[in-house]
Amino acid sequence: MMRLLVAVSLMLICGCQCGCEPAPVRVRALPAAPPESPVCALPAVLHQRNEVGPLGQGSCVHASLVNHLRWLNQFILAERWWKTYHDGEYASRLMQRLDAAGVDYVYTEKADPRFLDWCTATRRGAILWWKPSHCCTFEGWTKQPDGKTYAVILDNNRPGVWELTEREQFVRLWAGYGGFALSAVSPPPPNRTWLSYEIEK
Amino acid sequence: MSNDVRIRVSLGIVMLALSVCVLHAFATVVSFMAIHQPPSIPSARSVRAPLAFPSAIDSGAITQLPQPSITHSVNSNARDELKQDSWCVPCQPSTRVVPSTTRVVQYPNVYYPTPNVYYPTPAPAPVIQPTQQPIYLPASTSIVSPPVAKNYELALFLGNDARSSQIKQWFDTDPKLLKMRDACNYQVFTEANPLYRTKYASAIPVEQFPVVLLQYADGGHIHAAGGHMIPSTAAALLSDMQYGFELASKAREENKKTGMIKAAGYRWDPAITPAMQLDSNCPDGICPDNWKPGDRARDLFDRAEHQAVVWAGAQEIVIVVVVGFLLLLVGGLVLLVVKKLL
């Protein structure tokens, strides 16, 4: 009888251990980190300063493009570009040179603010005509504590400094400076990662 | 009953118990595999990336953006003039802000790679005098469709070792990993990468290389593994990433009452597929804590909306029947054995 009881007990224990379902996994979402602002924040140490080229002209377009390519993690292309091109530039020749280099890009010549919206949404940024006879790097729209949206501009004449201009004024002035903007089609770098969930134990 | 018989019966019962356990375990595993279906890979089809760009434009030779109603005129002369400014005097007034971030980043010495490549000789640029009219050349005929924003980011942080090369090769050749890669913004970083050194080195030190990082576009991690945590096969890595995606998705859903991940199939609601993940025990809104007598009885007769007779999924019913049949079979065998021994 005792042996029978032991055998039945063993059967129950084994059945319980073999037949139990695995405990469901519990996960918990963690608070989100504040978003980076601006979205295309190239580290200051990587900002390319404008230089005068062999023809005695400023190289703002190429410096802006180098900043833009460095942001897109295209360092070798950026160094090659900076090695190859200096001096002044204009829109159509810039695009010809990009074609020759095999670089895909998108652009606008009509001061279309939605182009810059796309550059911000995809975190690519752009280069654009800004200030008289000058080219700068667009690092995205940013919303400030006053509730207004500002354009964040990296001027290659002043590396390490972001210049903010209110959106409506920016678009108006940008049109006056030619309304051209260009962005290379290349995946942007990842955001700084933060722990989004944890498994509860 | 003699001792010999008792011993034989006991041994027989023990053997029977072991066989029942094995059958039970087998039935449990089979039923679990039948119910649980691996989650779908976050592929380009399943990931509905919001279209950041208003609409695709296909105007022929050059892909251009849709033209808004223009409230401001564009200075064509300024657009086409040579941009050669080297300093800004005078400048348009603008707010200058020194960026102050909450994250303190130590900027290390930047190493610029010096690749041994051939630099093409540029074509001689035409000399343009500022007083002359700018030369406007026809625009390029490149056809480029602006890509849509992607919801996911995949980054590899690789060293110079064989393991890193193997992982890179997985994402270049394995069909499923390649598919995942194409659905994400994909980047590869090495220790010498200046962007890595200035932006990611503090969070992902070199000692952890190689690192595979899958995250949402806002930086929320989905799966992060480095060093020995990366499995030895591409299939296992994909499985880990899928599991991480499953957990991250559940954590992000609105209803996080219990955080439990369960799979259940209900015949009464055609909107719920058999493999749908539910994180609530009350899919019909009738929860154990607020159940009232007659709630279930009402639904049983509500044939217009619910067609269930038994509150159980198809798989559960099959499993109960099979296990019951096996138990009956085993019981019959036990009786036969005991009868013969006696």
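What you see is a predicted model; the values in this text were computed from it and never measured. (Residues numbered from 1 in each chain as written. Chains lettered and ligands numbered in written order. Predicted model: local features only at pLDDT ≥ 70, side-chain atom pairs only at ≥ 80, totals over all residues. Heavy atoms only, no water.)

Re helix α4 (residues 175-182) of chain B
All names here are of chain B. Looking at α4, one finds that the buried residues are Leu-177, Met-180 and Arg-181. Along α4, the residues classed as buried sweep out an arc of 100° about the axis, all on the same side. Contacts from the buried residues of α4 go to β2 (152-158), α3 (162-173), β3 (185-190), β4 (211-216) and α6 (234-252). (Buried < 20%, exposed > 50% of the residue type's maximum accessible area, 1.4 Å probe, protein only. Helix = DSSP H or I, 4+ residues; strand = E, 2+ residues; numbered from the N terminus. Arc of directions from axis to C-beta. Contact = heavy atoms within 4.5 Å.)

Quick look at the packing of α3 of chain B against α4 of chain B
Residues and elements named next belong to chain B. Two elements in contact, α3 and α4, have axes whose closest approach is 5 Å; the angle formed by their N-to-C orientations is 80°. In this view, α3 runs roughly perpendicular relative to α4, as classed from their interaxial angle. In contact with Trp-170, Phe-171, Asp-172 and Thr-173 of α3, α4 contributes Pro-175, Leu-177, Leu-178 and Arg-181. Grouping the constituent residues of the contact of α3 with α4 by class yields 5 nonpolar, 1 polar and 2 charged. (Axes fitted to C-alpha atoms, helices over the stretch in contact; angles between N-to-C directions. Parallel < 35°, antiparallel > 145°, perpendicular 65-115°, else oblique. Nonpolar A, V, L, I, M, F, W, Y, C, P; charged D, E, K, R; others polar.)

Details of the sheet that holds β2 of chain B
All names here are of chain B. The 4 strands lie next to each other as β3-β2-β4-β5, forming an open sheet whose pairing is mixed. Here the strands that pair on one side only, and so sit at the sheet edges, are β3 and β5 (221-226). This sheet shows a mean twist of 10° between the axes of neighbouring strands, independent of strand direction. In terms of strand pairing, β2 meets β4 through 6 bridges, oriented antiparallel. Across the sheet, residue Glu-153 finds its bridge partner in β4, namely Gln-215. Packed on one face of the sheet, α3 meets β2, β3 and β4 and runs near 150° to β2. (Pairing = 2+ DSSP bridges.)

Some words on unusual backbone geometry
Between Ser-37 of chain A and Pro-38 of chain A the backbone carries a cis peptide bond, its omega angle lying at 0°. Here Pro-38 of chain A shows up in the loop between β1 (26-29) and α2 (60-71). With an omega dihedral of -5°, the bond running from Phe-209 of chain B to Pro-210 of chain B counts as a cis peptide bond. With respect to the element layout, Pro-210 of chain B can be found in the loop between α5 (194-200) and β4. One non-glycine residue with positive phi stands out, namely Asp-87 of chain A, at about 70°. With respect to the secondary-structure elements, Asp-87 of chain A resides in the loop between α3 (75-84) and α4 (91-100). Under the relative-accessibility criterion, Asp-87 of chain A is labelled buried at 7%. Unlike most non-glycine residues, Ser-133 of chain A shows phi in positive territory, near 55°. Inspection of the secondary structure assignment puts Ser-133 of chain A in the loop between β3 (126-129) and β4 (135-143).

Notes on the environment of Lys-110 of chain A
Tracing the sequence through the fold places Lys-110 of chain A in the loop between β2 (105-108) and α5 (113-121). Distance from Lys-110 of chain A to Ala-175 of chain A, taken between C-alpha atoms, is 7.1 Å for residues 65 residues apart in sequence.

Observations regarding a nonpolar patch on the surface
Together, Phe-325, Leu-329, Leu-333 and Leu-336 of chain B give the surface a local cluster of nonpolar side chains, amounting to about 430 Å² of exposed area. Assignment of secondary structure puts Leu-333 of chain B in helix α8 (residues 314-341). (Patch = residues over 30% accessible without salt bridge, like charges linked within 9 Å, V, L, I, M, F, W, Y side chains within 5 Å. Areas by Shrake-Rupley, 256 points an atom, 1.4 Å probe, with all protein chains shown as cover. Salt bridge = Lys/Arg side-chain N within 4 Å of Asp/Glu carboxyl O.)

Things to note about the confidence of the model for chain B
All names here are of chain B. When the pLDDT values of chain B are averaged, the result is 66; 52% of them are 70 or greater. Taken element by element, the predicted model of chain B shows its lowest mean pLDDT in strand β6 (residues 262-263) (34) and its highest in β3 (96). Confidence drops under a pLDDT of 50 for residues 39-70, and excluding neighbours within four residues, the segment shows 63 contacts in the predicted structure. Taken as a whole, residues 88-143 scores under 50 in pLDDT and shows 89 contacts with residues more than four places along the chain or in a different chain. This complex was scored by the predictor with a pTM of 0.60 and an ipTM of 0.84. (pLDDT = per-residue confidence, 0-100.)

Considerations on the side chain of Thr-108 of chain A
Within the secondary structure, Thr-108 of chain A is located in strand β2. Separated by 3.3 Å, the side chain of Thr-108 of chain A and the backbone nitrogen of Lys-110 of chain A make a polar contact. (Polar contact = N/O pair within 3.5 Å; in protein donor to acceptor, adjacent residues only side chain to side chain.)

Concerning the nonpolar core
Among the nonpolar cores identified, the biggest contains 60 residues, and Leu-94, Leu-116, Leu-128, Phe-138, Phe-170 and Leu-182 of chain A together with Phe-157 of chain B are the most heavily contacted of them. Apart from the residues within four sequence positions on either side, Leu-128 of chain A is in contact with Leu-116, His-134, Cys-135, Cys-136, Phe-138, Ile-153, Phe-170, Trp-174, Phe-180 and Ala-181 of chain A. (Core = buried A, V, L, I, M, F, W, Y, C linked by side-chain atoms within 4.5 Å.)

Let's talk about the packing of α5 of chain A against helix α6 (residues 167-176) of chain A
Each pair of packed helices gets described by two things: the angle between the helix axes and the distance between those axes. All names here are of chain A. It is at 11 Å that the axes of α5 and α6 come closest, and there the two elements cross at 120°. When the axes of α5 and α6 are compared, the pair comes out oblique. Residues Pro-113, Leu-116 and Asp-117 of α5 lie in contact with α6, whose contacting residues are Arg-167, Phe-170, Val-171 and Trp-174. Of the residues assigned to the contact of α5 with α6, the class counts are 5 nonpolar, no polar and 2 charged.

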